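Report on the structure
Each chain, letter by letter, is given below.
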Amino acid sequence: MTKFSIITITYNAAAFLPRTVESVLSQHYSDIEHIIVDGTSTDSTLMVAQDYMQRSYAAQNGHEVRIVSEPDNGLYYAMNKGLQLATGDYICFLNAGDFYPRPDVLDTIVAQCLSKCDSKQSPAVLYGNTDIVDNDGNFLRHRRLAPPRDLSWRTFKQGMVVCHQAFYARLDIARNILFDTRYRYSADVDWCIRVMKEAEHRRLSLAYVDSVIVNYTQEGETTKNHRASLKERYRVMQYHYGAVTTALMHAWFAVRAVFK
């Protein structure tokens, strides 16, 4: 049975963490490892996490909850810590405030992408659709950039067409590709591209899940620091796609924004 490692990074996230952990607890799928990496929160985040761990254990649902709370140097350092702690077959990062839209999300991923796969040739990445919600978890819209059925690392020239929280990477690949902590806001974009490059190198497929598999909360560090995030993402794209291609694509983004 495929094991999923779900990593949630927290710091003073008591207002948002409950809906995240409730959505994991409600998953019918049994082989889940949920690792909460906390940066020594000063609010009640740890109380929420510990209560969740106790309820998950009492439910005897096959879910394992692990909590680590210690100082770190920021989001991507914590995400790298989660990568190193994970023991599953696939890993996904589910931020505090983000949540699964239905209790059968992981069952759906397995049924559509893994039920007929040989374990050695299982897809390097499983990815699906995303809905955007507000701070209270209310639906706002479908994500504007929708994932294509045929994805490759080159597709990200068009923007981050797959939300990071809807991107499941095989752990044997992902563990060796750490987040580049020189980036403050866009290391997730760079990481996804590098994972997909490694998939191509190994001649492994990327499998599309024809379903909304995460609700993504609009607010976050990237949203709050939008201008700095865009500049950093431009640097990521320059590195992977070259200066000319990146400049041309951003000119197209500007035209598209005017006429959409």
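The preceding data block contains the structure.
The paragraphs below set out a description of the structure included in this document. If you're wondering where the values come from, they're calculated on a predicted model, not measured in any experiment.

1. What to know about the nonpolar core
- I91, F156, F167 and W191 are the most contacted members of the largest nonpolar core, which totals 42 residues.
- Top element by residues in this core is helix α6 (residues 187-202). It accounts for eight residues.
- What F167 contacts, discounting residues up to four positions off in sequence, is I91, C92, V125, L126, V162, W191, C192, V195 and M196.
- Core analysis: the next-biggest nonpolar cluster, separate from the first, contains 30 residues, V21, I32, I36 and I213 among them.

2. Examining the packing of α6 against helix α8 (residues 226-241)
- In the contact formed by α6 and α8, the axes pass within 9 Å of each other and the chain directions differ by 20°. Here α8 runs roughly parallel to α6, going by the angle between their axes. Like other packed secondary-structure pairs, α6 and α8 cross with a definite hand, here right-handed. Judged by residue contacts, A187, V189, D190, I193, R194 and K197 of α6 engage E232, R233, V236, H240 and Y241 from α8.
- When grouped by side-chain class, the residues that make up the contact of α6 with α8 number five nonpolar, one polar and five charged.

3. Focus: the side chain of T108
- Turning to its location among the elements, T108 is positioned in helix α4 (residues 105-113).
- A polar contact of 2.9 Å, which involves the side chain of T108, links it to the backbone oxygen of D104.

4. Side note on the pairing of strand β7 (residues 167-170)
- The alternating pattern of β7 places F167 and A169 and Y168 and R170 on opposite faces, both of which are buried.
- With two bridges joining them, strand β4 (residues 90-93) and β7 adopt antiparallel strand pairing. Each bridged residue has a counterpart across the sheet, and for Y90 the counterpart in β7 is R170.
- With three bridges connecting them, strand β5 (residues 125-133) and β7 associate as antiparallel partners. What sits directly across from V125, in β7, is A169.

Reading guide: rules and limits
Residues numbered from 1 in each chain as written. Predicted model: local features only at pLDDT ≥ 70, side-chain atom pairs only at ≥ 80, totals over all residues. Heavy atoms only, no water. Core = buried A, V, L, I, M, F, W, Y, C linked by side-chain atoms within 4.5 Å. Buried < 20%, exposed > 50% of the residue type's maximum accessible area, 1.4 Å probe, protein only. Helix = DSSP H or I, 4+ residues; strand = E, 2+ residues; numbered from the N terminus. Contact = heavy atoms within 4.5 Å. Axes fitted to C-alpha atoms, helices over the stretch in contact; angles between N-to-C directions. Parallel < 35°, antiparallel > 145°, perpendicular 65-115°, else oblique. Left-handed = near helix turned anticlockwise from the far one by under 90°. Nonpolar A, V, L, I, M, F, W, Y, C, P; charged D, E, K, R; others polar. Polar contact = N/O pair within 3.5 Å; in protein donor to acceptor, adjacent residues only side chain to side chain. Pairing = 2+ DSSP bridges.

Fair warning: the whole summary comes from geometry, so function is off the table for now.
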